[in-house]
Structure formats: C-alpha cells, structure tokens
Amino acid sequence: MAAIDGVDIALVGGGLANGLIAWRLKELRPDLRVAMFEAGPAVGGNHTWSFHEGDLTPAEHGWMKPFVTYAWQDNEVRFPNRRKSLGTGYRSVASERFRELLEERLGGSIRCNAPVRAVTPRSVVLEDGSTVTAGAVVDGRGHAPSRHMRLGFQKFLGQEIEMRAPHGVDRPVIMDATVPQADGYRFVYLLPLTDTRLLIEDTYYADGAELDRARLAASIGDYMAAHDWQPAGILREEEGILPIAIDGDIEAFWNDKAGVAASGLAAGLFHPTTGYSLPDAVKLADRIAGLPEHTADGLYAETRRHSVDTWKARGFFRMLNRLLYFAGDASQRYRILEHFYRLDAPLVARFYAARLRTRDKLRILTGKPPVPFGNAIRVLARHGLTGELA
C-alpha cells in the first residue's frame, strides 16, 4: 500500500465515533482532507446503535436523521415485580445504513482491510509498514484495557430473526429482566424491526468479559420458545462486550495516550451505566467539526478536555454502578434496576441522557433500599460520595 501524504485528519478506525466525525467534518469543513483507516472489510462493522429521543438536542437530531433506520414512539421495561411503559421515543441506527451513507459521502477517503500498527499525533503506521503523515490523528479503535480504569462489562449476543408469524411486539423492550438471572444482571432486549422480524439480544451485566456465544444462543432459543415464536431463520448476528465504568483516574488514562487524540470508547466516552455510546459520539463529532483549527495539539487538547469534563460530571453513575456490582448478590442485581424504574418517565429520560439534577439523584437514592443496607453503606463509605450529588 502506498504512503499517503498531505492528509489533514487521519481517522484510525471506521466505527461509530470516527464515522460521525468524518460525516460532520464533510458537512462543516469540506475543505479538509480526511482519510479513514479501518482494519475490517467495511466501516461500521455489524452493529445496531440505539438512543433515546431525549439523548440528543433538536439540532443533533437534525443532522443525525439520515442515519436513523428505525424509530418508535414508546419503549418499555419488564421486571419480576414491575412492568413500565416509558412513553418516550426510541431510535436505532443499523450499521448497513451507516456504511452506505459514509461510503457515499467519503468515497475514496475510506481504506478498509488496513490494520494499523502504531499511531503518533501526526502519523499512522499501517500493518504493511507504510506510513501516513497527517496534520492530526484521531484514534477511534474502540475500548482497550487500561490500568487506570476499573470496569464491569455489559456483554451480549444479538440475533435478527424472521418469524413464521407476527411476533406481537409493538415497541422496543429495552430490558426484559423476567428471565432467569445468571452471570450477573441478565435481561433480554427486543427491537421489533417489522411485524415478523425481531432483534433479540441476550445481555448480561457481568464481572468478566468472557462471552459464551453457545450459551447465549441457547438462551435466545429458550426465550423464543417461551413466547411461542417460531423462527423461519436467523438473518444476522451481532455481539458485543461493552465497558461499564466503576471508577478510575481519567487524567492518567489520557496521559498514556502520549498526545494522540481519541474518540468513542477509546476516549472513555460512553454512558457509565447503560453503555450507550451514540449520544456521546454525536456530541464529540459536533465539537471537533466546529473547531476553528484542526492541529494535532488542538485535537488532542479538545478530545481530552471533553472526555475529562464528561467523566467528572458522571461520578454519580459510577457510584450507582458500584452499588450494582458490589452491594448485593449477583443474582439479585436486577432489584436495583427494578427499584430505579419506580421513578417517573421524565427523570428516567434525564438518566439516559446523563443530565440528572441534584433532586433527581436524591430521589434515586431514597426509598427502601433494593440491596442490604449494610452492604450499601460499606460500598459508599469505601469509595466515598464526595461531589457525587452535586
């Protein structure tokens, strides 16, 4: 592969975050030469990214509209002792549409099957040994372990299945925790794509990152049988292991990047509790595209500043995660989420959008505790609550 010179911005990784950065740069800064390097055969991979209507501003909804593949006006959660309609819009982006739009807009600026060996703030070394020089580099290759972050994991296997008859699911079920609990907090996630097509994901909030595909596939089969759904065929499968933030040193995390700008999970930008990453990817794309200059130092400073500020503003969510993971038996973790969904829909929407008010945080922590009181006090005392209710 020949070397490329004269690139203004080199985006390493063709996932959600870098794809949206490239899209927004083409809209707002078409004068910049952008190149994207993706290790796999196509940008976008094999994913379904979702978000709640309240996660984005009207302006953000406006420019994201072409990517939205599916939209619903409602969604619900199900627990052993609670079933609740949230009454808020829900949207999903399919990687196929994401890929089509990026390829149409970026064209020859995308290089697939181009794994990267190393990055510096102004260069990319490809696996074949060739070097790309750039005004700036943005590393968006996803989550990588860091000694500066303590994480739990949300891991899942999803199957898009065509049923032989209408399935009867009329809105997304973002958590069905009425299923047997195993390997931490378990729930099934349902997206009704058509009257006969469902995306079914078997999901676990677990301590370890190991994904047992065979067990999860069998669990999806059991779930379909319990609902008398007869599958005509599996159209697609996707899987993921998403980080759930427990605690960490965000400044040290960024010091290890040696001046290289980062995006998405590689920048620690994801909702600490739900693992959703699309809203943060949208906001970062706007920030980067709106910069007056796109130097290596400027992009590193901006992505670091945004990530650090976001991390510090979300301490309350990490505190809740510590309760989820450490205050009770793993098989009883669902009770914490079941207790949370007693709250009104507007508060829940602010939780998803990571825009909680102080009184929201107090309401979340009041009421009969869903875990042993002594355990909760020990967890909170060990990690501290300083600033978490601000």
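Scroll up for the structure.
The structure reproduced in this document is the subject of the present report.

**Side note on the pairing of strand β9 (residues 116-120)**
So, point 1. For β9 and strand β10 (residues 123-126), the ladder comprises four bridges, and the chain directions are antiparallel. Counterpart to Val-119 in the pairing with β10 is Val-124.
So, point 2. Count of turn residues in the β9/β10 antiparallel hairpin: two residues.

**Observations concerning the pattern of salt bridges**
So, point 1. All told, the structure shown has 32 salt bridges when counted by the stated rule.
So, point 2. The closest approach of N and O atoms between Arg-171 and Asp-170, which form a salt bridge, is 4.0 Å.
So, point 3. Residue Asp-344 pairs with Arg-363 through a salt bridge whose shortest N-O separation is 2.7 Å. Placement of Asp-344 in the loop between α9 (334-340) and α10 (345-352) and of Arg-363 in helix α11 (residues 358-365) is noted, with a sequence separation of 19 residues between them.
So, point 4. For Arg-363, a relative accessible area of 35% gives the class partly exposed.
So, point 5. By sharing partners, the salt bridges in this structure join Asp-74, Glu-76, Arg-78, Arg-83, Asp-170, Arg-171 and Asp-176 into a single network.

**Here we look at the pairing of strand β6 (residues 82-85)**
So, point 1. As defined by bridge partners, strand β5 (residues 76-79) adjoins β6 across four bridges and the pair is classed as antiparallel. Bridge pairing in β6 places Arg-78 opposite Arg-83.
So, point 2. The antiparallel hairpin formed by β5 and β6 contains two residues in its connecting segment.

**A short note on the nonpolar core**
So, point 1. In this structure, Leu-20, Met-64 and Leu-278 are the most contacted members of the largest nonpolar core, which totals 54 residues.
So, point 2. By size, the runner-up hydrophobic cluster in this structure holds 37 residues, among which are Leu-193, Leu-199, Leu-337 and Ala-354.

**Some thoughts on the packing of aromatic side chains**
Remark: the centre distance and the inter-plane angle together describe each pair of aromatic rings, the angle taken between the planes.
So, point 1. Taken as a whole and judged by the stated rule, the model has 18 aromatic pairs.
So, point 2. Measuring from ring centre to ring centre gives 4.8 Å for Trp-23 and Phe-67, while their planes differ by 70°; the resulting arrangement is edge-to-face. A residue pair is termed long-range when its members are at least 10 positions apart, and Trp-23 in helix α1 (residues 16-28) and Phe-67 in the loop between α2 (58-64) and β4 (70-72) qualify at 44 residues.
So, point 3. On the basis of relative accessibility, which here comes to 0%, the residue Phe-67 falls in the buried class.
So, point 4. For the ring pair Phe-187 and Tyr-205, a centre distance of 6.1 Å and an interplane angle of 50° mean the geometry is tilted. Of this pair, Phe-187 sits in strand β14 (residues 185-192) while Tyr-205 sits in strand β15 (residues 197-206), and the two are 18 residues apart along the sequence.
So, point 5. Overall, the relative accessible area of 4% leaves Phe-187 in the buried class.

**Here's the deal with the sheet that holds β4**
So, point 1. Taken in spatial order, the three strands make up an open sheet running β3-β7-β4, and their pairing is antiparallel. Of all the strands in the sheet, just β3 (48-52) and β4 have a single pairing partner and so form its edges. Each neighbouring strand pair of the sheet contributes to a mean axis angle of 15°, computed without reference to strand direction.
So, point 2. Here β3 runs beside strand β7 (residues 90-94); their pairing, made up of five bridges, is antiparallel. By the bridge assignment, His-52 is partnered in β7 with Tyr-90.
So, point 3. Contacts from helix α3 (residues 95-106) reach β3 and β7, with the element oriented near 60° to β7.

**Re the side chain of Asn-321**
So, point 1. With respect to the helices and strands, Asn-321 occurs in helix α8 (residues 315-326).
So, point 2. Sequence-distant contacts of Asn-321, defined by excluding residues within four places in its chain, comprise Ile-244, Ala-245, Ile-246, Pro-272 and Thr-273.

**Observations regarding a negative patch on the surface**
So, point 1. A cluster of acidic residues, Glu-96, Glu-100, Glu-103 and Glu-104, forms a negative patch at the surface.
So, point 2. Tracing the backbone through its elements, the reader meets Glu-100 in helix α3.

**A closer look at unusual backbone geometry**
So, point 1. Despite not being glycine, Asn-113 shows a phi value in the positive range, around 50°.
So, point 2. Positionally, Asn-113 belongs in the loop between β8 (110-111) and β9.
So, point 3. Under the relative-accessibility criterion, Asn-113 is labelled exposed at 53%.
So, point 4. Phi at Asp-228 takes a positive value of approximately 60°, unusual for a residue other than glycine.
So, point 5. For Asp-228, a relative accessible area of 63% translates into the label exposed.

**Some words on the sheet that holds strand β13 (residues 173-176)**
So, point 1. If you walk across this open sheet you meet the seven strands as β6-β5-β13-β14-β15-β12-β16, and the pairing is mixed. Either end of the sheet is taken by a strand with one partner, and the two such strands are β6 and β16 (231-248). The mean inter-strand angle of the sheet, taken between neighbouring strand axes irrespective of direction, is 15°.
So, point 2. Pairing of β14 with β15 involves eight bridges; the strand directions are antiparallel. Looking across to β15, one finds that Tyr-189 is bridged to Glu-201.
So, point 3. Sheet strands in contact with α8 are β12 (149-163), β15 and β16, and its direction is about 110° off that of β16.

Thresholds, definitions, all that
Residues numbered from 1 in each chain as written. Predicted model: local features only at pLDDT ≥ 70, side-chain atom pairs only at ≥ 80, totals over all residues. Heavy atoms only, no water. Pairing = 2+ DSSP bridges. Helix = DSSP H or I, 4+ residues; strand = E, 2+ residues; numbered from the N terminus. Salt bridge = Lys/Arg side-chain N within 4 Å of Asp/Glu carboxyl O. Buried < 20%, exposed > 50% of the residue type's maximum accessible area, 1.4 Å probe, protein only. Core = buried A, V, L, I, M, F, W, Y, C linked by side-chain atoms within 4.5 Å. Phe/Tyr/Trp six-rings, centres within 6.5 Å; stacked < 30°, edge-to-face > 60°. Axes fitted to C-alpha atoms, helices over the stretch in contact; angles between N-to-C directions. Contact = heavy atoms within 4.5 Å. Patch = residues over 30% accessible without salt bridge, like charges linked within 9 Å, V, L, I, M, F, W, Y side chains within 5 Å. Areas by Shrake-Rupley, 256 points an atom, 1.4 Å probe, with all protein chains shown as cover. Lys, Arg positive; Asp, Glu negative; His and termini not counted. Charge placed at Lys NZ, Arg CZ, Asp CG, Glu CD.

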